[in-house]
Amino acid sequence: MILIASADNNWGIGNKGSLLVRISNDMKNFRRLTTGNVIVLGRKTLETFPNGLPLAQRTNIILTHNEDFKAKDAVIVHNLKELFKELSYYKKDEIFIVGGESVYNLLAPYCDKAIITKIDYKYQADAHIPNFDELPNWEMVEESEEETCFDIIYTYRTYVNHNPLPMEIQQGE
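Residues numbered from 1 in each chain as written. Predicted model: local features only at pLDDT ≥ 70, side-chain atom pairs only at ≥ 80, totals over all residues. Heavy atoms only, no water.

Novice: Which parts of the structure should I look at to understand the environment of Leu 135?
Specialist: Mapped onto the secondary structure, Leu 135 falls in the loop between strand S9 (127-128) and strand S10 (138-143). We classify Leu 135 as partly exposed; its relative accessible area is 28%. Considered as a pair, Leu 135 and Pro 109 are 26 residues apart in the sequence and their alpha carbons are 9.7 Å apart. (Helix = DSSP H or I, 4+ residues; strand = E, 2+ residues; numbered from the N terminus. Buried < 20%, exposed > 50% of the residue type's maximum accessible area, 1.4 Å probe, protein only.)

Dropping the structure here:
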């Protein structure tokens, strides 16, 4: 599985239910990488999508504790056991974890790779992802040249997890 996110210098990803900043080339990169693949996200992240609808040309899997939640053109799962059963039908390199904070934190240990758009700025943020530079087992293996969007400076970083957890439920989970 691949975690994909955009984060500032404090590993912030959002504030008050919105992205910290929208970078056109980053959005295009996200679309290019995820189109035709599976995306896993939480209900709150789905609500931030255009019209609150699943993204087209992708299999959208929504992880929510809300047993009554329904979303047209999406697969709804309520726990890790249901999620991992659903993900077993796909290749690991076709699965992208796309947010939000709780989904990133829950699933990062199971991911093989993380693609992070690292923004060289500290925004006001109330949602964060793990600091991949400090996580055991994770190593940055690639970083792009600096890019700019108006006054925003960013790079694309690729991290690999040298010891991802297996996608199976342990007793008691």
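And the narrative resumes.
Novice: When you look at the pattern of salt bridges in this model, what are you seeing that I'm missing?
Specialist: Opposite charge on two side chains permits pairing when their charged atoms draw close. Applying the stated rule across the entire model yields five salt bridges. A salt bridge links Asp 73 to Lys 72; its shortest N-O distance comes to 3.8 Å. Put simply, Asp 133, Glu 143 and Arg 157 are held in one network by salt bridges that share partners. (Salt bridge = Lys/Arg side-chain N within 4 Å of Asp/Glu carboxyl O.)

Novice: Any chance you could explain the pairing of strand S1 (residues 2-7) here in plain terms?
Specialist: Each regular strand shows side chains that alternate between the opposite faces of the sheet. For S1, a buried count of six out of six residues is recorded, marking the element as mostly surrounded by other parts of the structure. Here S1 shows no split at all, with Ile 2, Ile 4 and Ser 6 on one side and Leu 3, Ala 5 and Ala 7 on the other all buried. As judged from the two bridges shared by S1 and strand S7 (residues 95-99), these two strands associate in the parallel manner. Residue pairing for S7: Ile 2 is matched across the bridge by Phe 96. Relative to strand S8 (residues 113-119), S1 runs parallel, the two being bridged by six bridges. (Pairing = 2+ DSSP bridges.)

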